[in-house]
Amino acid sequence: MVTILSNATLVTGDEGRTILYDSAVAVRDKLIAAVGPTEEIQAQVPEGEVVDCRGKAVFPGLINCHTHLLATADRGILEDFGFPTSLRFPESTRSMLSTEERQVIATLGALEAIRSGTTTLLEIADHVGEFAESLAHTGLRLVLADNFNDVNPDRLRLGAFEFEAHRREEGLRRSAELVEKWHGRDDDQVTCFLAPHAPELCSPDLLREVRDMAEARDLGYTIHLSQSRLEVEAVMRTRGVDPTHYLFASDFLGPRLVAAHCRYVTPAEVSLLGSHNVGISNNAAIAARRGAAAPIRELQAAGCPIGMGSDNMAEDMVEVMRAGLLHERVRRNDEMWPQPEDVLEWATLGGAQILGMGQKVGSLQAGKEADLFIVDTFKAHLVPTLRIVSGFVHNGQPADISGVMVRGQWLLKDGKTLTIDEEDTIRRAEKISHGVWGRLVAKYPNVPFPVKLPPGPAH
Ligand SMILES: [Zn+2]
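Residues numbered from 1 in each chain as written. Predicted model: local features only at pLDDT ≥ 70, side-chain atom pairs only at ≥ 80, totals over all residues.

**Some remarks on the domain arrangement of the protein**
Move 1: Per the domain assignment, the segments of the protein are domain 1 (2–60 + 364–417) and domain 2 (62–354).
Move 2: Distance from the C-alpha centre of domain 1 to the C-alpha centre of domain 2: 30 Å.
Move 3: Facing 21 residues of domain 1, the contacting portion of domain 2 comprises 24 residues.
Move 4: Of all the secondary structure elements, the ones that give two or more residues to the side of domain 1 that touches domain 2 are strand 5 (56–60), helix 16 (388–395), strand 15 (401–406) and strand 16 (409–413).
Move 5: A total of four residues in the side of domain 1 that touches domain 2 trace back to one element, the largest contributor, which is helix 16. (Domains from an automatic or database assignment. Contact = placed C-beta atoms within 7 Å. Helix = DSSP H or I, 4+ residues; strand = E, 2+ residues; numbered from the N terminus.)

Here's what the structure looks like:
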């Protein structure tokens, strides 16, 4: 099977950040067979379906290095009440969803991801295996991670940090089962990471065992790091050091690690992360919503490769890129850094590298797998196309994306999703989300809730 995307502007995303005009990408099966001037490629690869991309730009697919798809059910509510949330419900909506409901909500998140040009995502959830099959059907390249910790939750509610071997063993067993079942599945379309949740919730034993398991099985692993002031305070209180030094003392830091957030890290933590080449998931949009900012420039300068993630309530990586640019410029009062090309690199090649797939995806280069998206630039907000990456990072919208391909397969073509029943998914997800919030509020009538929910779904 050969597809030639011809007459396009190609944002190759290679290390030289090359842009090619009037050019073509030839895709044979799952691989990019050739990239170059349209006439040359058509002569080289005469067979195959030609897709005329005149007026369009082809980008390497976006890589979301940190997300929780089920949080899309909390959209419009949990963005605005802080983290950890100031809403005092004793349980989350996520924990109240049935398996079938989880599958629908995860598919809703995947749909939004695909429509925003995402081709790979690292999904972290408790019992992620319950909806892994639904996600695999979407055709996305997946990295799945089962979220766990070994703290006693009942004691935690009383402010005590007590760790239990049986929770640790259970979490590790669940991760091992996920890896057994999913790692390398469908010719590596799905791989797995390990995901101990956060420093304050994990004992040194757990951290060491995760690191050992990752090294022994050649896996990546991830953790939320310096996500909240509460976390920093709790680790200082229980371990006597900041969260990064606690991870370091537990032999947890290394180049296989993706640390998400890093909002409150000190200069000493930054240099420790840098000297261990820890990958960072820069979750800029949710960070902005939380009124916090990670020191991205400093982390990068210290030696940390940077990727990007959406985290909670949204899967729109176009927005994540824009937030990454604006947030970092505001944080440093800097009019010129980062440039849009820097941000695109974090969301493509940078993400591929920290997920351990930099040789395979992240740029449009012959020999890599064909993960890409197509932008229709004939839009009022995208012309003139003098500097396409800047135009798209500053002004682009998911609605500009007309095509998405993962491993040579179309997930979105001519604006239509091919792997997800879009209307059915949206309708069911709307109903489920209204239902679960209604159940939560009804179950805890004494918990103050400053939102007046509508009487029912709009669709
Ligand atoms: Zn997270």
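There's plenty left to go through after this.
**Remarks on the pairing of strand 6 (residues 62–67)**
Move 1: Among the six residues that make up strand 6, six are buried, leaving the element largely enclosed by the rest of the structure.
Move 2: Pairing of strand 6 with strand 7 (residues 118–125), which is carried by four bridges, proceeds in the parallel orientation. Note on strand 7: the bridge partner recorded for Thr-67 is Glu-123. (Buried ≥ 20, exposed ≤ 12 C-beta atoms within 10 Å, placed from the backbone. Pairing = 2+ DSSP bridges.)

**Some details on helix 9 (residues 229–239)**
Residue pairs three or four apart in sequence face the same way in an α-helix, which turns once every 3.6 residues.
Move 1: When we look at burial in helix 9, the residues that qualify are Glu-231, Val-232 and Val-235. In a view along the axis of helix 9, the buried residues occupy a sector of 100°, so they form one face of it. Structural note: helix 9 exposes Leu-230, Glu-233 and Arg-237 on the side pointing more than 90 degrees away from its buried face.
Move 2: Phi for Gly-240, located one or two positions after helix 9, is positive at around 80°. (Arc of directions from axis to C-beta.)

**Describing the environment of Ile-388**
Move 1: Here Ile-388 is to be found in helix 16.
Move 2: The exposure class of Ile-388 is buried, given the 21 C-beta atoms found within 10 Å.
Move 3: Sequence separation between Ile-388 and Glu-328 is 60 residues, and the spatial gap between their C-alpha atoms is 21 Å.
Move 4: Not counting chain neighbours up to four residues away, the residues in contact with Ile-388 comprise Thr-9, Val-11, Ile-19 and Ala-57.

**Side note on the packing of helix 3 (residues 99–115) against helix 4 (residues 129–137)**
Move 1: Between helix 3 and helix 4, the least distance of the axes is 9 Å, while the angle of their chain directions is 45°. Between helix 3 and helix 4, the angle is such that the two are oblique. Note that helix 3 runs across helix 4; the crossing there is right-handed. In this structure, helix 3 uses Thr-99, Arg-102, Gln-103, Ala-106, Thr-107 and Ala-110 to contact helix 4, whose residues at the interface are Glu-130, Phe-131, Ser-134 and Leu-135. (Axes fitted to C-alpha atoms, helices over the stretch in contact; angles between N-to-C directions. Parallel < 35°, antiparallel > 145°, perpendicular 65-115°, else oblique. Left-handed = near helix turned anticlockwise from the far one by under 90°.)

**Quick look at unusual backbone geometry**
Move 1: With an omega of -10°, the peptide bond running from Phe-83 to Pro-84 counts as cis.
Move 2: Looking at the element boundaries, Pro-84 is found in the loop between strand 6 and helix 2 (93–96).
Move 3: Omega for the peptide link from Val-383 to Pro-384 comes to 0°, which places this bond in the cis form.
Move 4: Note on placement: Pro-384 falls in the loop between strand 14 (372–376) and helix 16.
Move 5: We note that Arg-17 has phi near 55°; this positive angle belongs to a residue other than glycine.
Move 6: As for its placement among the helices and strands, Arg-17 is situated in the loop between strand 1 (2–11) and strand 2 (19–28).
Move 7: A positive phi is found at Asp-251, a non-glycine position, where the angle reads about 55°.
Move 8: You can see Asp-251 is positioned in the loop between helix 10 (243–249) and strand 11 (257–261).

**Observations concerning the environment of Pro-448**
Move 1: Its location among the elements puts Pro-448 in the segment after helix 17 (422–443).
Move 2: When the C-alpha positions of Pro-448 and Glu-341 are compared, they lie 45 Å apart, and in sequence the two are 107 residues distant.

**Topic: the packing of helix 15 (residues 340–354) against helix 16**
The relative placement of two packed helices comes down to the angle between their axes together with the axis-to-axis distance.
Move 1: Remark: helix 15 packs on helix 16, axes separated minimally by 9 Å, with the N-to-C direction vectors making an angle of 75°. Comparing the axis directions of helix 15 and helix 16 gives the class roughly perpendicular. Note on element contacts: helix 16 touches helix 15 through Val-389, Ser-390, Val-393 and His-394, opposite Pro-340, Glu-341, Val-343 and Leu-344.
Move 2: Split by residue class, the contact of helix 15 with helix 16 holds five nonpolar, two polar and one charged. (Nonpolar A, V, L, I, M, F, W, Y, C, P; charged D, E, K, R; others polar.)

**Let's talk about the environment of Leu-121**
Move 1: Tracing the sequence through the fold places Leu-121 in strand 7.
Move 2: The contact partners of Leu-121, leaving out residues within four places of it in the chain, are Asn-64, Thr-67, Ala-113, Leu-140 and Leu-142.

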